[in-house]
Amino acid sequence: MAGFLITFEGIDFSGKSLQAKLLTEKLAELQLPVFFVREPGGAEIPEKIRDLLLDTRHHGMTAETEVLLYSAARAQIVRECLIPNLEKGKIVICDRYFDSTTAYQGYGREIDLDFIQKLHTFVIQNVVPDVTFLIDLEPQVALERKKVSNTEMDRLEKEDLSFHHKVRDGYLKLARAEAQRFKVIDGARPIDEVHHEIYQFVKVTLNNRELNGYPNFEIKSNEQGYVA
């Protein structure tokens, strides 16, 4: 596929969503062909599934229902959002992807990891990220951020601290297992510092890659940064 897929992962309140949006805005500012999507969400059907998954009234949802709903939303996103935009040669930035299910439902809910991997194989149709940024943060620090955020927490965010420790540990295991794909970022630092590290990494990565799927774009660096 001609495009370039970048995903952002991390526990809740790690800052991953903000960093995904900042990178999207930076690449758009440079007039690069970029497309942003959140997961679950990004289209009509996945957004409705998102509402079901995150609604705090659904406290009785089983782990089995949860993992299947996330995968159902992902199947729609892959076909409706990811594949079409990657085939157009766009840089696709996805706020969460299949690693979230492995971390949250696999390590967090303790659903069989082999089953989850088979589910991924069925759902993602070989659409694997070129780069995955794991915004790593201690769950206790994330909890403090929750307290000062003044936002209503969703069903997953309301899970106890031990759950988020298991999720974080799962993410770090994934990052060690796929060190070539994952880039672990210290999320405890200032927002601008984290963004700068991510942007510089993306700039070098794209500059070193043959972008055959980007007609009319030649990406190169100069003193001002990236230009198209």
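For the structure given in this document, a descriptive report is provided here.

Definitions and cut-offs
Residues numbered from 1 in each chain as written. Predicted model: local features only at pLDDT ≥ 70, side-chain atom pairs only at ≥ 80, totals over all residues. Heavy atoms only, no water. Helix = DSSP H or I, 4+ residues; strand = E, 2+ residues; numbered from the N terminus. Rg over C-alpha atoms; globule rule 2.2 N^0.38 Å. Buried < 20%, exposed > 50% of the residue type's maximum accessible area, 1.4 Å probe, protein only. Contact = heavy atoms within 4.5 Å. Areas by Shrake-Rupley, 256 points an atom, 1.4 Å probe, with all protein chains shown as cover. Lys, Arg positive; Asp, Glu negative; His and termini not counted. Charge placed at Lys NZ, Arg CZ, Asp CG, Glu CD. Core = buried A, V, L, I, M, F, W, Y, C linked by side-chain atoms within 4.5 Å. Phe/Tyr/Trp six-rings, centres within 6.5 Å; stacked < 30°, edge-to-face > 60°. Expected span 1.5 Å × (residues − 1). Arc of directions from axis to C-beta. Axes fitted to C-alpha atoms, helices over the stretch in contact; angles between N-to-C directions. Parallel < 35°, antiparallel > 145°, perpendicular 65-115°, else oblique. Left-handed = near helix turned anticlockwise from the far one by under 90°. Nonpolar A, V, L, I, M, F, W, Y, C, P; charged D, E, K, R; others polar. Pairing = 2+ DSSP bridges.

## Structural notes on the overall build of the chain
Then step 1. When helices and strands are counted, the chain shows eight helices and seven strands.
Then step 2. Against the compact-globule benchmark of 17 Å for 228 residues, the chain has a radius of gyration of 17 Å, which places it among compact chains.
Then step 3. Viewed in the frame of its principal axes, the chain has a C-alpha envelope of about 50 × 35 × 30 Å.
Then step 4. Of all 228 residues assigned to the chain, the portion counted as buried reaches 50%.
Then step 5. Within the chain, counting contacts between residues at least 6 apart in sequence, those at least 24 apart form 78% of the total.
Then step 6. Accessible surface, the chain as shown: approximately 11,400 Å² in total, 50% of it carbon and sulfur.
Then step 7. Separation between the mean location of the 29 positive side-chain charges and that of the 36 negative ones in the chain comes to 1 Å.

## Focus on the nonpolar core
Then step 1. Counting residues in hydrophobic clusters, the biggest one holds 22 residues, and the most contacted among them are Leu-53, Tyr-104, Leu-134, Leu-156, Val-167 and Tyr-171.
Then step 2. For this core, the secondary structure elements donating two or more residues are α2 (44-54), α3 (63-87), α4 (98-108) and α7 (161-177).
Then step 3. Sorting elements by how many residues they give to this core places α7 first, with six residues.
Then step 4. Each residue touching Leu-134, except ones within four places of it in the same chain, is listed here: Glu-9, Gly-10, Tyr-171, Leu-172, Ala-175, Phe-182, Lys-183, Val-184 and Ile-185.
Then step 5. Grouped together as the second largest cluster of nonpolar side chains are 20 residues, Leu-32, Phe-133, Val-194 and Tyr-199 included.

## Some thoughts on the packing of aromatic side chains
Then step 1. Using the criterion set out here, one finds five aromatic pairs in the structure.
Then step 2. Residues Phe-8 and Phe-133 carry aromatic rings whose centres are separated by 5.3 Å and whose planes lie at 35° to one another, so their mutual orientation is tilted. Of this pair, Phe-8 sits in strand β1 (residues 4-9) while Phe-133 is found in strand β4 (residues 131-136), placing the two residues 125 residues apart along the sequence. The same class applies to Phe-8 as to Phe-133, namely buried.

## A few points about the environment of Ile-83
Then step 1. By secondary structure assignment, the location of Ile-83 is in helix α3.
Then step 2. Taking C-alpha positions, Ile-83 is 31 Å from His-164, a pair spaced 81 residues apart along the chain.

## Some words on helix α1 (residues 16-29)
Then step 1. End to end, α1 covers 20 Å across 14 residues, agreeing with the expected 20 Å (1.5 Å per residue, within 8%).
Then step 2. By the burial criterion, the buried members of α1 are Lys-16, Gln-19, Ala-20, Leu-23, Thr-24 and Leu-27. All buried residues of α1 lie within an arc of 140° about the axis, which places them on one face of the element. Exposed residues on α1 whose side chains face more than 90 degrees from its buried face are Glu-25 and Glu-29.
Then step 3. Lining the buried residues of α1 we find β1, β2 (34-38), β3 (91-95), β4 and α8 (191-207).
Then step 4. Taken from the residues just after α1, Gln-31 is the one with a positive phi, measuring 65°.

## Here's the deal with the packing of α4 against helix α5 (residues 113-124)
Between two packed helices, what matters for the description is the angle formed by their axes and the separation of those axes.
Then step 1. Viewed as axis vectors pointing N to C, α4 and α5 meet at an angle of 155°, and their least axial separation amounts to 10 Å. On the basis of the axis angle, α4 is roughly antiparallel to α5. For the element pair α4 and α5, the recorded crossing hand is right-handed. Contacts between α4 and α5 pair Phe-98, Thr-101, Thr-102, Gln-105, Gly-106 and Tyr-107 from the former with Leu-113, Ile-116, His-120 and Ile-124 from the latter.
Then step 2. Residue composition of the contact of α4 with α5, by class: five nonpolar, five polar and no charged.

## A few points about the sheet that holds β4
Then step 1. An order of β2-β3-β1-β4-β5 is seen for the five strands of this open sheet, with the pairing classed as parallel. At either margin of the open sheet sits one strand with a lone partner, and together these are β2 and β5 (182-186). Averaged over all pairs of adjacent strands, the angle between strand axes in this sheet comes to 20°, irrespective of strand direction.
Then step 2. α3 rests against β1, β2 and β3 of the sheet, and its axis sits at about 165° to β2.

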